[in-house]
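Coordinates in review
These are the residues of each chain, in order.
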Amino acid sequence: MIEKRPVGDSGITVAPLALGGNVFGWTADEATSFAVLDAFVDAGGTMIDTADVYSAWVPGHQGGESETLIGRWLKRDPSNRDRVVIATKVGFTSGLAPAVIEAACEASLRRLGIETIDLYYQHKDDESVSLADSLGAMDKLVKAGKVRALALSQFTPQRLDEAMITVQDRGLARPCALQPWYNLVERERLEGPLLDVATRHGLAIFPFFSLANGFLTGKYRSRADLGKSVRGDRVADYLEGKGMRVLAALDEIAEETGAALATIALAWTMAQPGITAPIASATSVRQLADLTAAMHLDLSADQIARLDAASAEAVPA
Ligand SMILES: NC(=O)c1ccc[n+]([C@@H]2O[C@H](COP(=O)([O-])OP(=O)(O)OC[C@H]3O[C@@H](n4cnc5c(N)ncnc54)[C@H](OP(=O)(O)O)[C@@H]3O)[C@@H](O)[C@H]2O)c1
């Protein structure tokens, strides 16, 4: 039995692992994406994370490929709509002007083939638009029934606080979640002021890059391994220092538990204060099994403490 967790004050609850959708149409073709989505739901997963911009970085793509694929998967078996919470995002390259948000929401709804987006994110802060205007546009989408709940991604602590004060002062729909970069080798991106602000405002937290682009699976141990995926160049910096200490601690706990490194890394994240569900992706059903297993792995206090110690910043000499 997988215990669900509340998404802030939205009334939505989710299983403690969200499936990352940036691979759909990028490193996972349609058949593989459908198989991964089916296996995720079969394993008790309930939340799918995507964005209108996925996967615009692939030559020949415009963005929208991931949402389109999820839309086709939902159409193939409409009963899945009631099983999943769909989160998508606006504004990564387009910015957050009200007219942009309005049009982007319509386009996402069309590609996904749904009437309401469950969780709609501002993908990253856009300081060229006032928070009152961008959050006002998001509020209108909630009032129109096109969006159920709002969220923010890639905000600084100061701007997150300002956003939450803005909605309170103006009586706008309140974001219920934050999506920051966070994992065992990137703890400082969340822990500290950002976590404090999110906690103070009662926000759910959904970390992205939860596997550090695959590094925390243990498949990259030297530069020779970087060719194992198109993502390899993103993990090169982890091959020294803290990254290798974290892998050593994960290896040790893998010996003790029999669990895969990815499973342990996600279970550690799920156990951190304030975390609702890490977001991670898989490019095969085999990989996915290591991810969903994390929903069933309880690490001991001692194992968590060893991972905490290995992932702490090195004390300067
Ligand atoms: N808000 C934002 O700005 C933002 C930014 C980035 C991502 N996101 C979201 O967060 C999600 C998660 O991030 P991510 O998908 O980029 O990275 P990630 O979850 O850190 O890494 C996932 C990748 O690791 C590899 N992998 C997974 N399981 C494995 C296993 N068992 N064995 C070996 N390799 C395995 C796969 O890539 P290969 O097979 O190619 O090695 C997989 O695509 C995204 O999908 C997206 O929804 C949001």
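Here, every reference points to the structure presented above.
Residues numbered from 1 in each chain as written. Predicted model: local features only at pLDDT ≥ 70, side-chain atom pairs only at ≥ 80, totals over all residues. Heavy atoms only, no water.

1. Describing unusual backbone geometry
For residues besides glycine, phi is generally negative; the peptide bonds are generally trans as well. This is how it is decided: Each helix is a run of H or I in the DSSP string that is no shorter than four residues. Each strand is a run of E no shorter than two, and both are numbered from the N terminus. Throughout, exposure labels follow a simple rule: accessible area from a 1.4 Å probe, protein chains only, divided by the maximum for the residue type, with under 20% read as buried, over 50% as exposed, and the rest as partly exposed.
A cis amide bond links Tyr54 with the next residue in sequence, Ser55, at an omega value of 0°. Mapped onto the elements of the fold, Ser55 is located in the loop between strand E4 (47-49) and helix H2 (65-76). Of note in this structure, Phe209 is not a glycine but carries a positive phi near 55°. Locating Phe209 in the fold gives a position in the loop between strand E9 (204-205) and helix H7 (242-257). Judged by relative accessible area, which is 24%, Phe209 ranks as partly exposed. A positive phi is found at Ala212, a non-glycine position, where the angle reads about 50°. Mapped onto the elements of the fold, Ala212 is located in the loop between E9 and H7. Residue classification places Ala212 among the buried residues on the basis of a relative accessible area of 1%.

2. Section: helix H6 (residues 193-200)
The criterion, for reference: To be clear, the arc concerns the directions from the helix axis to the C-beta atoms. Any two residues having at least one pair of non-hydrogen atoms within 4.5 Å are treated as being in contact.
For H6, the complete set of buried residues consists of Leu194, Leu195, Val197 and Ala198. In an axial view of H6, the angular spread of the buried residues amounts to 165°, which keeps them on one side of the axis. Residues of H6 that are exposed and angled more than 90 degrees away from the buried face: Pro193 and Arg200. The elements touched by buried residues of H6 are helix H5 (157-170), strand E8 (177-179) and E9. Within two residues after H6, Gly202 carries a phi angle of roughly 70°, on the positive side.

3. Quick notes on the nonpolar core
Under the convention used in this document: Residues enter a nonpolar core if they are buried and are Ala, Val, Leu, Ile, Met, Phe, Trp, Tyr or Cys, with the set joined through side-chain atoms within 4.5 Å.
Formed by 47 residues in total, the largest nonpolar core has its most connected members in Leu160, Phe215, Leu216, Leu250, Ile264, Leu299 and Leu307. At the level of secondary structure, the elements contributing two or more residues to this core comprise helix H4 (131-143), H5, H6, H7, helix H8 (261-270) and helix H10 (301-311). Counting residues per element, this core draws most heavily on H7, which supplies six residues. Apart from residues no more than four positions distant in its own chain, Leu160 is found in contact with Leu152, Phe155, Leu178, Leu194, Val197, Ala198 and Leu203.

4. Here's the deal with the side chain of Asn22
Spelled out, the test is: Contacts described as polar in this section are N or O atom pairs within 3.5 Å, which, within protein, must combine one atom able to donate a hydrogen with one able to accept it, while residues neighboring in sequence count only if both atoms come from side chains.
Following the sequence through the fold, Asn22 ends up in the loop between strand E3 (18-20) and helix H1 (30-42). Looking at Asn22, the relative accessible area reads 14%, which means it is buried. Within the structure, Asn22 has its side chain in polar contact with the side chain of Arg231 (distance 3.3 Å). Dropping the residues within four chain positions of it, Asn22 is found in contact with Tyr54, Ser55, Trp57, Arg231 and Ser281.

5. Here we look at the pattern of salt bridges
For clarity, the cut-off: Put simply, a salt bridge is a Lys or Arg side-chain nitrogen that is within 4 Å of an Asp or Glu carboxyl oxygen.
The final tally for this structure, using the stated rule, is 21 salt bridges. Between Arg306 and Glu256 there is a salt bridge whose closest N-O contact spans 2.8 Å. Of this pair, Arg306 sits in helix H10 while Glu256 sits in helix H7; the two residues are 50 residues apart in sequence, bridging distant segments of the chain. The exposure class of Arg306 is partly exposed, given its relative accessible area of 23%. Linking Arg286 and Asp290 is a salt bridge whose minimum nitrogen-to-oxygen distance equals 3.4 Å. In this pair, Arg286 and Asp290 are both assigned in helix H9 (residues 285-292), four residues apart and thus about one turn of the helix distant.

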